[in-house]
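# Survey of secondary and tertiary structure
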Amino acid sequence: QQWKPQPIWNAIAAAKPDLFLFLGDAIYGDWDGTNVFIPTPETLKRDWDRLAANPEFRRFRSTVPVMGTWDNHDYGKHDGGAEYKLKEQSKKLFLDFLGEPSDSDRRSRPGIFDAKILGPAGKRVHLILLDTHSFKSPYDKDPRTKAEKSVLNIRGQYSPNQATDATLLGAAQWSWLEKQLLHKAEIRLIASSTQVVADEKAMEEWGNFPLERQRLFRLITKTGASGVILLSGNVHFAEISATDEGPYTLYDFTSSGMTHNNPEYAVLNNKRRVAGPYVMPNFGLVNIDWDSKSSPVITIRAVGSEGYAAFEKAIPLAGLEIR
């Protein structure tokens, strides 16, 4: 929430990261803390400018590279998808904020998905940032009452969309993602604004498009992509979820949020949770120890605004291989 103080940037800077990833809702472009409103290009620019002017963030981004993707509130429409009328204007403002070069492919193609490979051969980290809004089909509404869902300990308003033509990423992005997963890399961090593995809340999550979720897991197997860890945000608390539905155990590291949290969301069902929840302002830290004796080790850690670790999990890279 761009109108709130953001001291957490100082804690992130103290961790001395090589790169920072925004994973969605970097601003609330459709709510001012009191009123929900329909944004315009002018109000979206105002809100991006407000974040950019935050003194802690300004100091941070002067020393640390920043990449990112969007979720619904910085996209500009609550739970919005392909139907959003301002998505092209919103895209330009988002990329302007990130400092995307005017001649980049990201400017000229639909959506804002992006990828980058960092590091030398043998220590390559492939960052893949997905766009879960520009091409998204409408959600299916959950007909159950609030009371009925409360008994089941779920909160959201959506049911799984089982239509074979329903999409989350869209045809062009799926084709792009398959090509990305064929690139050579030791570690692949696939970032989604919404949770991929946790799928029981009935809120915004890949579980609302179960065929797309299965397609992602199948694609990782098909391409032989090793070293995949999923990164996500959105839910206003931090946790790690895991599933064996892929070619090896897939971990989904969720970090959220930086200015505010919601304990009511943290107690909702997630049978796949393996760490957390942590319901205070936090950021996620991915640390790679390439020199570990038996295998490189990836440690994923939720860090509070005071710089302490709320929880962490060490994942040997050798366990993220298709056998």
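Throughout what follows, the structure given in this document is the object of discussion.

Criteria and thresholds
- Residue indices begin from 1 for each chain and proceed along its sequence in written order.
- Residues qualify for local features only when their pLDDT is at least 70, as the model is predicted, and side-chain atom pairs are given and counted only at 80 or more; totals for whole chains, interfaces and linings, by contrast, use all residues.
- Side-chain descriptors were evaluated using all non-hydrogen atoms of the structure, hydrogens and water having been removed beforehand.
- Note: two strands are recorded as paired if DSSP finds a minimum of 2 bridges between them.
- Runs of H or I in DSSP of at least four residues are treated as helices and runs of E of at least two as strands, each being numbered from the N terminus.
- Helix axes use the C-alpha atoms of the stretch in contact, all axes being lines fitted to C-alpha atoms, and the angles between their N-to-C directions lie in the range 0 to 180 degrees.
- Given the number of residues in a helix, its expected span is that number minus one, multiplied by 1.5 Å.
- Any residue under 20% of the maximum accessible area for its type is buried, any over 50% is exposed, and the rest in between are partly exposed; the area is computed with a 1.4 Å probe on protein chains only.
- When checking whether two residues touch, look at their non-hydrogen atoms; a contact exists if any pair is within 4.5 Å.
- By the definition adopted for this analysis, an angle is roughly parallel if under 35 degrees, roughly antiparallel if over 145, roughly perpendicular if from 65 to 115, and oblique otherwise.
- In this scheme, a crossing is called left-handed if the near helix is turned counterclockwise away from the far one by less than a right angle; it is called right-handed if the turn is clockwise.
- Each residue is assigned to one of three groups, with Ala, Val, Leu, Ile, Met, Phe, Trp, Tyr, Cys and Pro labelled nonpolar, Asp, Glu, Lys and Arg labelled charged, and all others, Gly among them, labelled polar.
- Planes of paired rings set the category: under 30 degrees apart is stacked, over 60 is edge-to-face and the rest tilted, where pairs are Phe, Tyr or Trp rings (Trp by its six-membered ring) whose centres lie within 6.5 Å.
- In this analysis the charged atom, NZ for Lys or CZ for Arg, is taken to sit over a ring once it is within 6 Å of the ring centre and within 35 degrees of the ring normal.

Here we come to the sheet that holds strand β12 (residues 282–289). Ordered by their spatial adjacency, three strands build an open sheet running β12-β13-β14, and the pairing between neighbours is antiparallel. Looking at the sheet topology across the chains shown, the edges are occupied by β12 and β14 (309–316). Put simply, the sheet's adjacent strands are angled 15° from each other on average, direction ignored. By the bridge criterion, seven bridges tie strand β13 (residues 297–304) to β14 in an arrangement that is antiparallel. By the bridge assignment, I300 is partnered in β14 with K313.

Spanning 14 residues, helix α9 (residues 210–223) covers 20 Å between terminal C-alpha atoms, matching the ideal 20 Å at 1.5 Å per step. All of the buried residues along α9 are P210, E212, R213, L216, F217, L219, I220 and T223. Where the residues of α9 are buried, they touch α8 (171–181), β8 (228–232), β9 (238–243) and β10 (250–254). Backbone geometry just downstream of α9 places G224 in the positive-phi region, at approximately 70°.

Another point: the packing of α8 against α9. Where α8 meets α9, the axes come as close as 9 Å, and the angle between the chain directions of the two elements is 30°. Between α8 and α9, the interaxial angle falls into the category roughly parallel. You can see that α8 and α9 cross each other, and the crossing is right-handed. Contact residues: W174, L177, E178 and L181 in α8; E212, R215, L216, L219, I220, K222 and T223 in α9. Split into classes, the residues belonging to the contact of α8 with α9 amount to six nonpolar, one polar and four charged.

Attention now moves to the packing of aromatic side chains. Applying the stated rule across the entire model yields 23 aromatic pairs. Aromatic side chains F57 and F97 sit 5.8 Å apart centroid to centroid with 15° between the ring planes, which places their arrangement in the stacked category. Highlighted residues: F57 in helix α3 (residues 55–61) and F97 in helix α5 (residues 87–98), separated in sequence by 40 residues. Its relative accessible area of 0% is what places F57 among the buried residues. An aromatic cluster is built from W9, F20, F22, W48, F57, F60, W70, Y75, Y84, F94 and F97, whose rings are joined through pairwise contacts. One Lys or Arg, R61, reaches over the ring of F97 and ends 5.0 Å from the middle of that ring. Lying across the ring of Y139, K136 places its NZ or CZ 3.8 Å from the centre.

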